[in-house]
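Here is how the chains run, residue by residue.
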Amino acid sequence: MENKIWRDHLWDWFKAFLLAVCVAVALRYFILLPITVQGSSMIPTLHQGDQMIVESISKMRRFDVIVFQDSSNRTLVKRIIGLPGDTIVYKEDQLYVNDKKVSEPFLKNSLVEKAGETWTSDFDLEQLTGTNKIPKNSYFVLGDNRRSSNDSRAFGFVNEKDIIGKTNFIYYPMKRAGFIN
């Protein structure tokens, strides 16, 4: 009798352990993915070597920082500027979405201020992509370091199916740990 109780107790612990492993694997591989920033296109928001958590289940919104794969299977980190159906124009360093002036508070930093002159060159979607609206299931992305970013101005729209997820938290290095704008 005592042997059966012990076996039942052990079986309960094994089931709990197995459930915990399954939940951890699901979180790690399907919902919360670690990523390390490569390159300088998101400076000063993100730096080379920053380690972040990418979550893959939220709806994408304007100015979210996303992680996606480009056509050559490189993993890139950029900021969503335009959503499906939007028109995007940059004129005199000012963003216009659907003909309305839009502020970009994440560009209010010392790097942009010290750089002087134009941070983002003038463009419109028609001139870059041959269409005036962002297609369905697509996004227009830019790096925060606009002068040194390979982004939608060069490779066009990012398709929704290529997006791994969005990120807003740096967990390493510890001195940079925290939420990003």
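Definitions and limits used
- Residues numbered from 1 in each chain as written.
- Predicted model: local features only at pLDDT ≥ 70, side-chain atom pairs only at ≥ 80, totals over all residues.
- Heavy atoms only, no water.
- Phe/Tyr/Trp six-rings, centres within 6.5 Å; stacked < 30°, edge-to-face > 60°.
- Helix = DSSP H or I, 4+ residues; strand = E, 2+ residues; numbered from the N terminus.
- Lys NZ or Arg CZ within 6 Å of the ring centre and 35° of its normal.
- Pairing = 2+ DSSP bridges.
- Core = buried A, V, L, I, M, F, W, Y, C linked by side-chain atoms within 4.5 Å.
- Buried < 20%, exposed > 50% of the residue type's maximum accessible area, 1.4 Å probe, protein only.
- Contact = heavy atoms within 4.5 Å.
- Salt bridge = Lys/Arg side-chain N within 4 Å of Asp/Glu carboxyl O.

Tallying each qualifying case throughout the model produces six aromatic pairs. Where F169 meets F179, the ring centres are 5.1 Å apart and the plane angle is 65°; that geometry is what we call edge-to-face. One end of the pair, F169, is in strand β11 (residues 163–172); the other, F179, is in strand β12 (residues 178–179), with 10 residues separating them in the sequence. A network of ring pairs unites the aromatic residues Y90, F123, F140 and F157 as a single cluster. Looking at R79, its charged tip hangs above the ring of F106, at a distance of 3.8 Å from the centre.

This part covers the sheet that holds strand β8 (residues 123–124). Strand order in this open sheet of four strands is β7-β6-β5-β8, and the pairing throughout is antiparallel. Each edge of the sheet is formed by a strand with only one pairing partner; in this case those strands are β7 (100–102) and β8. Pairing between strand β5 (residues 88–91) and β8: two bridges, direction antiparallel. Considered in β8, the bridge of Y90 is made with F123.

Membership of the largest hydrophobic core comes to 15 residues, with the highest contact counts inside it found for I81, I88, L95 and F140. Of all the elements in the fold, those that place two or more residues in this core are β5, β6 (94–97) and β9 (138–142). Ignoring sequence-local partners within four residues, the contact set of F140 consists of R79, I80, I81, G82, F123, L125, L128, I134, S152, R153 and F157. Grouped together as the second largest cluster of nonpolar side chains are 12 residues, I35, V65, V77 and I180 included.

Let's shift gears to the side chain of Q94. With respect to the secondary-structure elements, Q94 resides in strand β6. Apart from the residues within four sequence positions on either side, Q94 is in contact with V89, K101, V102 and S103.

Within this structure, the stated rule accounts for eight salt bridges. With a closest N to O distance of 2.7 Å, R176 and D50 form a salt bridge. You can see R176 sitting in the loop between β11 and β12 and its partner D50 sitting in the loop between β1 (32–36) and β2 (51–55), a full 126 residues away along the chain. When its relative accessible area of 1% is taken as the criterion, D50 is described as buried. Between D70 and R74 there is a salt bridge, with the nearest N and O atoms lying 2.6 Å from each other. The exposure class assigned to D70 is buried, which follows from its relative accessible area of 11%.

Where β5 and β6 come together, four bridges link them in antiparallel fashion. What sits directly across from I88, in β6, is V97. A loop of two residues connects β5 with β6, the two strands running antiparallel in sequence, and E92 in this loop sits at a positive phi of about 50°. Relative to β7, β6 is paired through three bridges, and the arrangement is antiparallel. Across the sheet, V97 pairs through a bridge with K100, a residue of β7. Taking the residues between adjacent antiparallel strands as the criterion, β6 and β7 are bridged by two residues, where N98 takes a positive phi near 55°.

This brings us to unusual backbone geometry. Backbone torsion omega between I43 and P44 reads 5°, so that peptide bond is classified as cis. Considering the arrangement of structural elements, one finds P44 in the loop between β1 and β2. The residue D93 is not glycine, and still its phi comes out positive at about 65°. With respect to the helices and strands, the residue D93 is situated in the loop between β5 and β6.

In short, the description is geometric, and any link to function would need to be established separately.
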